[in-house]
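What the coordinates show
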Amino acid sequence: MSNSIDELFCEFVRTRSPALLRTAFLLTGDRHLAEDLVQDALARTHRGRNRLDDLGHFEAYTRTAMYHQHVSWWRRRKVAESMPGDLADVVQPGSDHARRTDLKLALHEALAQLTRRQRAVLVLRFFEDRSEAEAADLLNCSVGTIKSQTSKALARMREMAPNLLSAVMEEA
């Protein structure tokens, strides 16, 4: 019995996918989103295929799943893009662009060698300018952990990339 249901489902997918894609395209207005929508709906239908034993049931179930999934997509909060007015990394006239690029690469390389927790603490504390309490709250740990991880991370950074420290001293 299971093989016959699987065969019916395969036949349904082969014959009805183009029609489902057309409907999904009309819903989404985008070919790639339509393909994602159909794939998700077919996956849901496949999970429930043992309850559905007719091609008509497969079609109705899949289309209903498509509509419900599409509604849940547009109900999700959309993240609006914003473009900053001024770029934060403006090159000063007469500055050495190659040196700045080397420093950025060294910083990224040094950060990549830290543990995830140390990297998160440094980013929160120094790049996002968060307080110790805010960082502790965001990482669900104590302020003491933030302090110790910051200390350990900075010590490792000094060992791994001493050129970063000298560059900071030059700019200050």
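Heads up: these notes are all about the structure in this document. From a predicted model like this one, the values you see are computed outputs, not experimental measurements. (Residues numbered from 1 in each chain as written. Predicted model: local features only at pLDDT ≥ 70, side-chain atom pairs only at ≥ 80, totals over all residues. Heavy atoms only, no water.)

**Details of the overall build of the protein**
To be explicit about the condition: Only DSSP runs of H or I with at least four residues qualify as helices, and only runs of E with at least two residues qualify as strands; both kinds are numbered from the N terminus onward. When checking whether two residues touch, look at their non-hydrogen atoms; a contact exists if any pair is within 4.5 Å. Areas reported here follow the Shrake-Rupley algorithm with a probe of radius 1.4 Å; residue values treat only the protein chains shown as occluding.
In terms of regular secondary structure, the protein is built from eight helices and zero strands. For the protein, the N- to C-terminal ordering of α and β elements is α-α-α-α-α-α-α-α. For the protein, the proportion of contacts with a sequence separation of at least 24, taken over those separated by at least 6, is 59%. Entry remark: accessible area of the protein is about 12,300 Å², with carbon and sulfur atoms responsible for 55%.

**Regarding the nonpolar core**
Nonpolar side chains in soluble globular proteins generally cluster together in the buried interior. Convention followed: Within this scheme, the nonpolar core is defined by two criteria: the residues are buried Ala, Val, Leu, Ile, Met, Phe, Trp, Tyr or Cys, and they are joined through side-chain atoms within 4.5 Å. Only protein chains enter the accessibility calculation, which uses a 1.4 Å probe. A residue is then buried if its area is under 20% of the maximum for its type, exposed if over 50%, and partly exposed in between.
Core analysis: the biggest nonpolar cluster contains 14 residues, and Phe 12, Leu 20, Ala 24, Val 38, Leu 42, Phe 58 and Met 66 have the highest contact counts within it. Residues in contact with Met 66, not counting those within four places in the same chain, are Leu 20, Thr 23, Ala 24, Leu 27, Leu 37, Val 38 and Ala 41. With 10 residues, the next largest nonpolar core counts Leu 103, Leu 122, Met 157 and Ala 161 among its residues.

**Observations regarding unusual backbone geometry**
One non-glycine residue, Asn 140, lies in the positive phi region at around 55°. Inspection of the secondary structure assignment puts Asn 140 in the loop between α6 (132-139) and α7 (143-160). Classification of Asn 140 by relative accessible area gives exposed; the value is 70%.

**Some details on helix α4 (residues 97-112)**
Each α-helix winds once per 3.6 residues, and so residues spaced three or four apart point in a common direction. Let me state the cut-off plainly: A helix's residues, less one, multiplied by 1.5 Å, set its expected span. Directions from the helix axis toward the C-beta atoms define the arc.
A rise of 1.5 Å per residue sets the reference length of α4, with its 16 residues, at 22 Å; its end C-alpha atoms lie 23 Å apart and thus fit the reference within 8%. Within the sequence span of α4, burial applies to Leu 103, Ala 106, Ala 110 and Leu 111. Here the buried residues of α4 occupy an arc of 130° about the axis, which is enough to place them on one side. What points out from α4, more than 90 degrees from its buried face, is the exposed set His 97, Leu 105, His 108, Glu 109 and Ala 112.

**Structural notes on the pattern of salt bridges**
Going by this rule: In the sections that follow, a salt bridge refers to a side-chain nitrogen of Lys or Arg positioned within 4 Å of a carboxyl oxygen of Asp or Glu.
Applying the stated rule across the entire model yields seven salt bridges. In this structure, the salt-bridge partner of Arg 31 is Glu 35, at a minimum N-O distance of 3.4 Å. Placement of both Arg 31 and Glu 35 in helix α2 (residues 31-47) is noted, with a separation of four residues, approximately one turn of the helix. Note on Glu 35: relative accessible area 34%, which makes it partly exposed. Between Glu 132 and Arg 125 there is a salt bridge, and its shortest N-O distance comes to 3.9 Å. Look at Glu 132 and you get partly exposed, because its relative accessible area is 28%. Each of Arg 16, Glu 59 and Arg 63 takes part in one network of salt bridges that share partners.

**Topic: the packing of aromatic side chains**
The condition is simple: Only centres within 6.5 Å qualify two rings of Phe, Tyr or Trp (six-membered ring in Trp) as a pair; their planes then separate them into stacked at under 30 degrees, edge-to-face at over 60, and tilted for everything else. Counted as over-ring charges are cases with an Arg CZ or a Lys NZ within 6 Å of the ring centre that also lie within 35 degrees of the ring normal.
Throughout the structure, instances matching the rule amount to three aromatic pairs. Pairing Phe 9 with Phe 12 gives two aromatic rings, centres 6.2 Å apart and planes at 45°, and the pair type is tilted. A residue pair is termed a helical-turn pair when its members lie 3 or 4 positions apart in one helix, as Phe 9 and Phe 12 do in helix α1 (residues 2-28) at three residues. Each member of the pair, Phe 9 as well as Phe 12, carries the same accessibility label: buried. Look at Phe 9 and Phe 58: their rings are 5.5 Å apart centre to centre, the planes differ by 80°, and that puts the pair in the edge-to-face class. Of this pair, Phe 9 sits in helix α1 while Phe 58 sits in helix α3 (residues 55-75), placing them 49 residues apart in sequence. Summarising the burial analysis for this pair, Phe 9 and Phe 58 share the class buried. Through successive ring pairs, a cluster of aromatic residues spans Phe 9, Phe 12 and Phe 58. Stacked on the ring of Phe 126, the Lys or Arg Arg 125 has its end atom at 5.6 Å from the ring centre.

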